[in-house]
Amino acid sequence: MQKIESQLNTETESTQIIELIKINDEGVLKTLYHSNFHKIEAFILKNSGTKEQAKDIFQEAFIAVWKNVKTNKFQAQTNHSINGYLYTISKNKWMDYLRSKHHKKTVVTSKLNHFEISDKNALDKDDDILKENRLQGVMEAFKSLGLPCKNLLTKFYFEKKSMNIIAKELQLDPASARNKKYRCMKKLRELALKDN
Amino acid sequence: MNPNYNITQAELERIEGYINKTMTFEEASAFEENLKNDPDLKNRLEDIRIMLLGIESQALKEKLEEFHAELPENKTQTKESSKVKYLNFKKVIAIAAMVVISLGGYWFFTKETNANLYAKYYSPDPGLPTTMSTSDNFTFYDAMVNYKRKDYNLAISKWEPLLAKKPENDTLNYFIGSAYLAKGKEGLAIPYLQKVTKLEVETFKNEAYYYIGLAYLKTENIELAKQNLNLSTFNNSKEILNELNK
């Protein structure tokens, strides 16, 4: 078995970056954040935004990029393209925001389109909207979940630590740690359902 | 989300296993077979998917606040970023790690202890890119995913049988060694990495010497650490040697 890419080239690097983003590697996420923020902030400030708005838009775009990487909707060819992608999404989000502020009516009519049941696209969009609502519900619920549960679930689902390692950290045997995780998930689900 | 049912622990773990691809191929096929006949299972799968994505998204959102608070000053950043683009990725991480560490006050020590030096320079090999393919290397890449998720025991347990079949394989020796090192078992890691340096293939030799050097550094075998670091051409090796010769 030879090493697949014997030479490190930009393509390998960006595949690696993509893989590391998928497993939420903190170093990579932080580098991505730090090396792009100021560029986008400059764009938003130049286009009648505030510092606070720049931060919000950038973070929204960052999460959108991360989500698309995770679901394989984005596949990078070069290192440059993920930075470019983040920039484009931020820019579009800011343009959308400016438009919605100045032309509220167009937004309302476009939303009405979703009620045309005969339209296949509209149905898909409805489905997306429902999913997005449920996702927001889970996020809100997770925000207000008790700290012990939040820590445990973050370690497992975000940091991708193994249950055995988490059990050791919490000084529990693996079986009780797994059961605890299960109960936390139940709690989170109840909270999310209540909010909806 | 449908409130009308409860998921048992076993069921939750099974669905998660499917989503996170930690199932064996047979288990995954059986699961997909169930999916076809059981619309309820499909709903539950969708439910769990959204929950996992929600947890991760919110955890990330909170992480972003931390990143934001740590933003470097604007001016130095724009200067740096144009340079950073041309460095290779491992170096970027190494530099980031070093910047963070040095800001942490390490400057105050004129000579660092070997344990500090190890902590400063050691970061596990990031592993090879994994692609979902039908190649016969499936087990190898499957274990690579475990390795990247820091589940080193599981990765080693999958790689060892492959190595038994191909004891002369440099890639397997290298990553099993890397996994042991990442677990903090230097004693176990060294023989595998040494094997890599004795094989004909050059691919991982440089890395192997570097990590052997670090392993010896951690176990306080300074002479052996120096010998091995001398055989590696990485900048980090030279920096460590400089520190050791202070």
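Since the structure is predicted, the reported quantities are computational estimates derived from the model, not experimental observations.

Draft legend 1. Representation of the overall build of chain A. Looking only at helices and strands, chain A features 9 helices and 0 strands. Within chain A, the fraction of its 196 residues that count as buried is 27%. In chain A, once contacts between residues fewer than 6 apart in sequence are set aside, the share between residues at least 24 apart is 61%.

Draft legend 2. Looking closely at the overall build of chain B. The helix and strand inventory of chain B stands at 13 helices and 0 strands. Along chain B, helices and strands appear, N-terminal first, in the series α-α-α-α-α-α-α-α-α-α-α-α-α. In chain B, which comprises 246 residues, the proportion classed as buried is 31%.

Draft legend 3. Examining the nonpolar core more closely. Residue and element names in this part refer to chain B. Counting 37 residues, the largest nonpolar core has Ile 176, Ala 179, Leu 193, Ala 208, Tyr 211, Ile 212 and Ala 215 as the members making the most contacts within it. Every element with two or more residues in this core is listed here: helix 6 (114–121), helix 7 (138–148), helix 8 (152–165), helix 9 (170–182), helix 10 (186–198), helix 11 (205–218) and helix 12 (222–230). Here this core takes 9 residues from helix 11, the largest share from any one element. Excluding residues that lie within four positions of it along the chain, Tyr 211 makes contacts with Gly 177, Ser 178, Leu 181 and Leu 193.

Draft legend 4. Structural context of the packing of helix 2 (residues 26–46) of chain A against helix 3 (residues 39–69) of chain B. Two numbers describe how helix 2 of chain A lies on helix 3 of chain B: the axes approach to 10 Å, and their chain directions differ by 55°. Viewed along their axes, helix 2 of chain A and helix 3 of chain B adopt a mutual orientation that is oblique. For the crossing formed where helix 2 of chain A meets helix 3 of chain B, the hand is right-handed. Residues Leu 29, Lys 30, Tyr 33 and His 34 of chain A of helix 2 of chain A pack against Lys 63, Leu 64 and Phe 67 of chain B of helix 3 of chain B. Residue classes in the contact of helix 2 of chain A with helix 3 of chain B are distributed as 4 nonpolar, 1 polar and 2 charged.

Draft legend 5. Broad picture of the environment of Met 163 of chain A. Residues and elements named next belong to chain A. Position of Met 163 relative to the elements: it lies in helix 8 (residues 163–169). Residue Met 163 is classed as partly exposed on the basis of its C-beta count, with 19 C-beta atoms lying within 10 Å. Along the chain, Met 163 and Leu 152 lie 11 residues apart, while their C-alpha atoms are 9.5 Å from each other.

Draft legend 6. Examining the confidence of the model for chain B more closely. All names here are of chain B. Within chain B, residue pLDDT values average 81, and 79% of them lie at 70 or more. Confidence, expressed as mean pLDDT per element, reaches its minimum in chain B at helix 4 (residues 74–84) with 45 and its maximum at helix 3 with 94. Within the model, the stretch residues 76–86 combines pLDDT values under 50 with 7 contacts to residues more than four positions away or in other chains. Within the model, the stretch residues 105–111 combines pLDDT values under 50 with 4 contacts to residues more than four positions away or in other chains. The ipTM, which scores confidence in the relative placement of chains, is 0.82 for this predicted complex, and the corresponding pTM is 0.56.

Draft legend 7. Region of the structure containing the environment of Gly 54 of chain B. Tracing the chain through its elements places Gly 54 of chain B in helix 3. Residue Gly 54 of chain B is classed as buried on the basis of its 23 C-beta neighbours within 10 Å. Sequence-distant contacts of Gly 54 of chain B, that is, excluding residues within four places in its chain, are made with Leu 135, Val 138, Met 139 and Phe 142 of chain A.

Draft legend 8. Representation of the environment of Asp 142 of chain B within the structure. Residue and element names in this part refer to chain B. Relative to the elements of secondary structure, Asp 142 occurs in helix 7. Since 20 C-beta atoms lie within 10 Å of it, Asp 142 is described here as buried. Here the alpha-carbon distance between Asp 142 and Trp 159, two residues 17 residues apart in the chain, equals 9.6 Å.

Draft legend 9. Representation of unusual backbone geometry within the structure. Even without being a glycine, Ser 48 of chain A presents a positive backbone phi close to 60°. Even without being glycine, Glu 220 of chain B reaches a positive phi, approximately 65°. For Glu 220 of chain B, a count of 12 C-beta atoms within 10 Å gives the class exposed.

Draft legend 10. Examining the packing of helix 7 (residues 147–158) of chain A against helix 3 of chain B more closely. Where helix 7 of chain A meets helix 3 of chain B, the axes come as close as 10 Å, and the angle between the chain directions of the two elements is 105°. By the criterion of interaxial angle, the relationship of helix 7 of chain A to helix 3 of chain B is roughly perpendicular. Contact with helix 7 of chain A, carried on its side by Leu 153, Thr 154, Tyr 157 and Phe 158 of chain A, involves Leu 52, Ile 55, Glu 56 and Ala 59 of chain B of helix 3 of chain B and no other residues of that element. Looking at side-chain class alone, the contact of helix 7 of chain A with helix 3 of chain B contains 6 nonpolar, 1 polar and 1 charged residues.

Draft legend 11. Structural view of helix 13 (residues 235–244) of chain B. All names here are of chain B. The set of residues buried in helix 13 consists of Asn 236, Ser 237 and Ile 240. Taken end-on, helix 13 shows its buried residues confined to a sector of 100°, consistent with a single buried face. Among the exposed residues of helix 13, those pointing more than 90 degrees away from its buried face are Asn 235 and Asn 242.

Draft legend 12. Layout of helix 8 of chain B. Residue and element names in this part refer to chain B. Helix length check: helix 8, at 14 residues, gives a terminal C-alpha distance of 20 Å against a target of 20 Å (1.5 Å per residue), a fit within 8%. At Trp 159, helix 8 shows its largest bend, some 25°, and a proline, Pro 161, comes one to four positions later. Listing the buried residues of helix 8 in full gives Tyr 152, Ala 155, Ile 156 and Trp 159. Elements that come into contact with the buried residues of helix 8 comprise helix 7 and helix 9.

Draft legend 13. Spatial organisation of the confidence of the model for chain A. All names here are of chain A. When pLDDT is averaged along chain A, the result is 82; 78% of the residues meet or exceed 70. Contacts from residues 1–9, a stretch scored under 50 in pLDDT, to residues over four places away or in other chains number 13 contacts. Considering only residues more than four positions removed or in separate chains, one finds that residues 105–118, a stretch of pLDDT under 50, has 8 contacts.

Procedures and definitions
- Residues numbered from 1 in each chain as written.
- Chains lettered and ligands numbered in written order.
- Predicted model: local features only at pLDDT ≥ 70, side-chain atom pairs only at ≥ 80, totals over all residues.
- Helix = DSSP H or I, 4+ residues; strand = E, 2+ residues; numbered from the N terminus.
- Buried ≥ 20, exposed ≤ 12 C-beta atoms within 10 Å, placed from the backbone.
- Contact = placed C-beta atoms within 7 Å.
- Core = buried A, V, L, I, M, F, W, Y, C linked by C-beta atoms within 7 Å.
- Axes fitted to C-alpha atoms, helices over the stretch in contact; angles between N-to-C directions.
- Parallel < 35°, antiparallel > 145°, perpendicular 65-115°, else oblique.
- Left-handed = near helix turned anticlockwise from the far one by under 90°.
- Nonpolar A, V, L, I, M, F, W, Y, C, P; charged D, E, K, R; others polar.
- pLDDT = per-residue confidence, 0-100.
- Arc of directions from axis to C-beta.
- Expected span 1.5 Å × (residues − 1).
- Bend = angle between axes of the 7 residues up to and from the residue.

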